[in-house]
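Fold and contact review
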Amino acid sequence: MRNVETFRDLQRDATEWRRHLHENPELDFRVDNTARFVAEKLASFGIDHIQTGIAETGIVAVIQGEAGEGPTIGLRADMDALPILEASNKPWSSKIAGKMHACGHDGHTAMLLGAAKYLANTRQFKGSVALIFQPAEEIELPSGGLKMVEAGIMERFNISRVFGMHNSPGLDVGKFAICDGPMMASQDDFNIVVKGKGGHAAAPHRTVDPVVIAAQIILGLQTLVSRSTDPTEALVISVTKLKAANANNIIPDQVEMGGTVRTLVPRLRDFAERQILASSSGIARGFGADVEFKYVRSVPVTSNHTEETNLAIDVARRFVGSASVNDKARAGMGAEDFAYMLQARPGAMIYVGNGSTAGLHHPAYDFNDDALPYGIGYWVNLVEVVQCI
Ligand code: NI
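Residues numbered from 1 in each chain as written. Predicted model: local features only at pLDDT ≥ 70, side-chain atom pairs only at ≥ 80, totals over all residues. Heavy atoms only, no water.

Describing the overall build of the chain
- Scanning the chain from terminus to terminus reveals ten helices and 16 strands.
- Whereas a compact globule of 389 residues would reach a radius of gyration of roughly 21 Å, the chain reaches 24 Å, a difference of no more than 12%.
- In terms of overall dimensions, the chain has C-alpha extents of about 80 × 45 × 40 Å along its principal axes.
- Expressed as a percentage of the 389 residues in the chain, the buried residues total 54%.
- Across the chain, every contact between residues at least 6 apart in sequence was considered, and the portion connecting residues at least 24 apart equals 83%. (Helix = DSSP H or I, 4+ residues; strand = E, 2+ residues; numbered from the N terminus. Rg over C-alpha atoms; globule rule 2.2 N^0.38 Å. Buried < 20%, exposed > 50% of the residue type's maximum accessible area, 1.4 Å probe, protein only. Contact = heavy atoms within 4.5 Å.)

Encoded structure:
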């Protein structure tokens, strides 16, 4: 087991890469310059098996170990930024107004590059490591993780297990957190159009007012979680969009509303889809209106596999000490498209502490460069442990 001091030199390299990426954020699948930067670095480390252009701008690079035959382990980082105007006031702030690395994917990419440099140098493991750099983690269906899996990376590169890592603001630098089973929620979206009959706002009796009906529907949906779901099972139904008339004196023909469904329990996605439709159409019909309903399933539940979770816990404990590893992390209701890779292969996702920074997706957020040697060290030790069993 290599301790964190082993990775101090790499921390300097990775800090430089991370700040370069931070200054030059790119969105969704259009991470061309980021991908070029990553591929050039990988080549400079002496890695000759680099496949670019997977799912448009994704990369998989393979490092062969020199300790004998063995399976291939997949390590995944994401490369995309967010459409947010940066307010971190750091010297390396985004040079592109309205785009920023507000989720730390610059740090994730730099950590995996750091591990790549180390592992390409030492190669003290069996089998191979597949370094997965994916675009478009932040977008909804179809996201980069799904596209990479659909492009067949697991089969093409013979990946037998896959591991992910995300930084966690609020968790001290040098600490890790993980849990077995569901760690992040699924994400589905719904849209409802309430179709009534519009008219003059001064003569509501000659209309079927979809605004009032939409209000009833919003209240009705609140009871799906509070009255119809087992309280010990996590489900969120949030109505977030509402579009009615553009004038104060018009009752519109229709109201469009939308929202999101998050859950840690896959079968509750079926429940939510069925009951949101039943509740909204029942309420609308009671008032003489109709609904159009659309339910779109996006990212599934990010669910860690037991054996790989235990391997990740073991490696993290030996790396930073048991007291610095929370193996019963609370699941969060955010979504993460690494979920698709965990559906394709057994694996586990871990949180690495980002210290007391602003939260993810906040304009003042910045990845903490002090976390870099911990992320790099986790990846290196994971490979040297898992690939030597
Ligand atoms: Ni993220």
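Regarding the coordination of the nickel ion
- With distances of 2.2 to 2.3 Å, the protein atoms coordinating the nickel ion are Cys103 (SG), His105 (NE2) and His166 (NE2).
- Summarised as a motif, the one-chain spacing of the donors to the nickel ion is C-x1-H-x60-H. Here Cys103 matches His105 in class, with each residue buried. (Donors = N, O, S within 2.8 Å, 3.2 Å for Na, K, Ca; no water.)

Quick look at the sheet that holds strand S13 (residues 290-297)
- Strand order across the open sheet formed by four strands is S10-S12-S8-S13, with antiparallel pairing between neighbours. Edge strands, defined here as strands with exactly one partner in the open sheet, are strand S10 (235-243) and S13. Strand-to-strand, the axes of this sheet are offset by a mean angle of 20°, without reference to chain direction.
- Note that strand S8 (residues 186-195) and strand S12 (residues 254-263) share ten bridges and pair antiparallel. The residue bridging Ile192 from the neighbouring strand is Met257, located in S12.
- Its contacts with the sheet put helix H7 (residues 267-286) on S8, S10, S12 and S13, and the angle it makes with S13 is roughly 165°. (Pairing = 2+ DSSP bridges. Axes fitted to C-alpha atoms, helices over the stretch in contact; angles between N-to-C directions.)

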